[in-house]
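Residue-level listing of the chains:
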Amino acid sequence: MGWRSLMRRSGSWPLAVRGILLVGMAGRAAVGEPTIDRIEPPAARQGSSIEVKITGSELDGAAEVFFEQGGITATPPVEHDKALTTRLTIPADCPPGQYRLRVRTSDGLSELRVFHVHASEQVAEQEPNDAFAQAAALEPGRAVWGSLKNEDVDVYKVHLQAGARIATVIDAVRLDQQMLDPHVELVDAEGFVVAACDDHPLLAQDAALAAVAPREGDYFLRVRESAYGGGNALYVLHVGDFPIPHVAWPPGGAPGAALDVEWFGDPAGPFKAPATLPPAGGDGLTTVRAVRDGRTSAIPVPFRITTAPAFQSIEPNDEPDKASAAAAPGAVMGRIDTGEDVDWIRVEAPKGTKWKVTGWGRRLGSPIDLVIAAHRATDKRERITSSDDADGPDSLVQVTVPDEGAFLLRVNDFERRGGPEFIYWIDVEPIVPRVTVSVPPAQTKTQQRLVAAVPRGNRTALVFNATRTECGDPVRLEFPGLPPGVAASPATIADPAPSGIVVFEAAADATPGTAATPVRVVRGEGEATQEVGGLRQGTDLVFGEPNRTPYRTSFGDHLAVAVVEEAPASIECAAPATPIARRGTLDLRVAIHRAEGYTGRVRLEMPFRPPGIGASAVEVKESEAEVVFPITCAGDAPLEEWPLALTATLVPEGQKPDKKAGGKRVAKGMVVASRPLTLAIVEPLVEMTAEKAVVEQGGTVKLAYKAAKPPTFTGTAKARLIGLPNKVEAPTLDLAAGADTLEFPLTVATDAPPGKHDNIICRIEVPVGDATMIHQMAATSLRIDKPLPPAVAAAGGPAP
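Note that the structure is a prediction, hence the values are computed from the model and not measured. (Residues numbered from 1 in each chain as written. Predicted model: local features only at pLDDT ≥ 70, side-chain atom pairs only at ≥ 80, totals over all residues. Heavy atoms only, no water.)

Enquirer: What am I meant to see in the overall build of the chain here?
Expert: Within the chain, the regular secondary structure consists of two helices and 71 strands. Overall, the chain is about 110 × 75 × 70 Å in size when its C-alpha atoms are taken along their principal axes. For the chain, long-range pairs separated by at least 24 residues make up 69% of all intrachain contacts whose partners lie at least 6 apart in sequence. Accessible surface computed for the chain: about 34,700 Å², of which carbon and sulfur atoms make up 50%. With 80 positive and 102 negative side-chain charges, the chain shows a separation of 6 Å between the mean positions of the two kinds. (Helix = DSSP H or I, 4+ residues; strand = E, 2+ residues; numbered from the N terminus. Contact = heavy atoms within 4.5 Å. Areas by Shrake-Rupley, 256 points an atom, 1.4 Å probe, with all protein chains shown as cover. Lys, Arg positive; Asp, Glu negative; His and termini not counted. Charge placed at Lys NZ, Arg CZ, Asp CG, Glu CD.)

Enquirer: What is the right way to look at the sheet that holds strand 61 (residues 677–682) in this model?
Expert: Working definition: the strands of a sheet are paired by backbone hydrogen bonds and lie parallel or antiparallel to each other. Pairing within the open sheet is mixed, and its three strands lie in the order 52-61-58. Of all the strands in the sheet, the pair left with one neighbour each is strand 52 (580–581) and strand 58 (641–644). (Pairing = 2+ DSSP bridges.)

Enquirer: How do you make sense of the pattern of salt bridges when you look at a structure like this?
Expert: As a working rule, side chains carrying opposite charge can pair if their charged atoms are close by. Scanning the model with the defined rule gives 47 salt bridges in all. Close ionic contact of Glu-185 with Arg-222 constitutes a salt bridge, the shortest N to O distance being 2.7 Å. Taken together, the residues Glu-185 in strand 15 (residues 182–188) and Arg-222 in strand 18 (residues 217–225) connect sequence positions 37 residues apart. Linked by salt bridges that have partners in common, Arg-449, Arg-601, Arg-603, Glu-605 and Glu-619 make up one network. (Salt bridge = Lys/Arg side-chain N within 4 Å of Asp/Glu carboxyl O.)

Enquirer: When you look at unusual backbone geometry in this model, what are you seeing that I'm missing?
Expert: Most peptide bonds take the trans form, and the phi angle of most residues other than glycine is negative. Cis geometry marks the peptide bond from Ala-328 to Pro-329; its omega dihedral reads 0 degrees. Looking at the element boundaries, Pro-329 is found in the loop between strand 29 (324–327) and strand 30 (330–335). Of the consecutive residues Glu-545 and Pro-546, the connecting peptide bond is found in the cis state with omega at 0 degrees. Not every positive phi belongs to a glycine, and Glu-470 is a case in point at roughly 55 degrees. Secondary-structure assignment places Glu-470 in the loop between strand 40 (459–469) and strand 41 (475–478). A positive phi is found at Asn-547, a non-glycine position, where the angle reads about 55 degrees. For Asn-547, the position within the fold is in the loop between strand 48 (537–544) and strand 49 (549–556). The exposure class assigned to Asn-547 is exposed, which follows from its relative accessible area of 71%. (Buried < 20%, exposed > 50% of the residue type's maximum accessible area, 1.4 Å probe, protein only.)

Enquirer: Just checking my understanding: could you explain the nonpolar core for this structure?
Expert: As a rule of thumb, nonpolar side chains are buried together in soluble globular proteins. Of all hydrophobic cores here, the largest spans 46 residues; its most connected members are Val-590, Leu-604, Met-606, Phe-629, Ile-631 and Leu-650. Residues Ile-760, Cys-762, Val-768 and Met-777 belong to the second largest nonpolar core, which totals 31 residues. (Core = buried A, V, L, I, M, F, W, Y, C linked by side-chain atoms within 4.5 Å.)

Enquirer: Which parts of the structure should I look at to understand a negative patch on the surface?
Expert: A surface patch of negative charge is lined by Glu-315, Asp-318, Glu-319 and Asp-337. Among the residues examined, Glu-315 registers a relative accessible area of 35% and is labelled partly exposed. (Patch = residues over 30% accessible without salt bridge, like charges linked within 9 Å, V, L, I, M, F, W, Y side chains within 5 Å.)

This is the structure we're talking about:
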């Protein structure tokens, strides 16, 4: 639809609320977004029912504890002294792992936290337990949850027979609640350390150890923060005689495949045990816990899941002429046996085709620092490209197949190490159109506004960023599985914009509830519609030094959407009566509808700004029912039509805005949105340029503008100068449609400030129908000189 059609359709200012529900909201205050600081206990056993305490802020009116993956059910939360209690029921067949949860209150949806499910009977720490004499006895096969305060040491006692094996794994930073770098050690009754561990290669900052008791007696497990900090952070300590491998061979396969796996990394040495591969998660990985002698490991070992043919790197292949054979698409598994080992792999593929070669090493629990180089399959072996850490800790290269219809891969460890555990997996996949979307996080409050909490009878909005691979087409976002009564506005993301906005609207009679909806990214229309991607949302959970570095991030492929209770205010933004011209400005008219008794502040923002569009937040006073939201347009803005919406943060009364974060002041509260509207960016209807002017104090001068191209409007426009220095005056002039010049007579006072004054702009209000379209010409300058002294002036000026 063209902008002139939009202008004709805009009609009058929509003062009516039109379906926005404010009935029964008198006196209700908007509160901030709910946050979760702590979950106690942070984990539980399969097949158990356990009461959990959730502490945080803004949890008043909690109505639901929601698990995004399902599986775990929770009773309605009960409020107790700024905390919530709920009873979780975990089915016996619930797979061990992490379960993403949120709390829905009457006003919003909380930030993300994680609850862990494991296979061990669980007990709670009993304080005091910081000495051998106070240590509680812990039976193998159990897990204990506790917390570490600053300078705290927790001690547990186990009795072992001579030659008995003991293994322990601690979940601390991986609980995703608080930064904790634990240290675990096994000590005999005389105080001698039998085994100790700080960081395990597969467990981030968490620890795991296994040892054999040299003689019968009491042994003690000591748990502390590695630097004797703690901060009252939580942990779960698993104790038993289970194996603790961290990498497997083969390291991948098809979903559902039954494999004869050799497991590596346990201090007792490698062992073989079967495994069936579950389906992959959104990152293409799954995990399996090794079982030996009926004991299940507390460490989940990653496997790569693929349906492509899998090839094996077979020795000897340390020279190009002896390269192992593979074909694209496909996968190659191998290992670097010694420090000097190099594996060469020949990949057959049609010439001219493009392939993504992805290495997997560290992400599979292998110690290998994988280096992949692609070479031509010719006598000269010319290198095409290479990579060390392009894909996180592993390698990623892209290859266009040369004329010989094949290419070579050279694989080695960066530090020239090797051994049975130095296992790798390489995917060779076609480069296909792919678009991944995500909601951009704030710079400091990284979980703020990542989900959609939609008030009944109202709206909210989210911005989605798009990451593209081989796809320049416009794409649409679809949201199947929204809560009943919720609809999403049509959303298109098109170049050159990297983002788009989606407005979610809930019916007035929508039932409060929560859903995790998939996000489909599609392109094309009708039979040509093609799904090209989805959501990949990273949520930072744990931060540490330096400078709040994210240590733990959870990735999800579903968007949490909740229907919450009515908001105490709503906004309506009138459709623009005209487009906005390059270098022009436009005032959006916004109506604020407050429920009776609501006195909180309202902060208007434009969360998605099309390329070249500028806008700043507007604070709305309590007495204002209508305001203007000004936007500007750059001179090189793309000539497109863009969907956009305004949002209003309903800040609770008495709450001050947060401190500056990344140059922006972020208000915290319920967020409602206007209906989507369309903004058209067009070429200016009039373009004029001006020469620089020079004048003395007390004089007059004409500032002349000339048309850079013939004006394309009808009627008479109004022109005036803005940015003039103090005590310089110029009248407002009429500009006829056919005029090609414009002269402003400037009157300069005798005490006008001397010097060069830049950024003087001619603002022209062009009539378009019943409205005006504001144009701004390129800035010019005015120089004001002091008059020469009378004697110098009479002599004709100063001597050369």
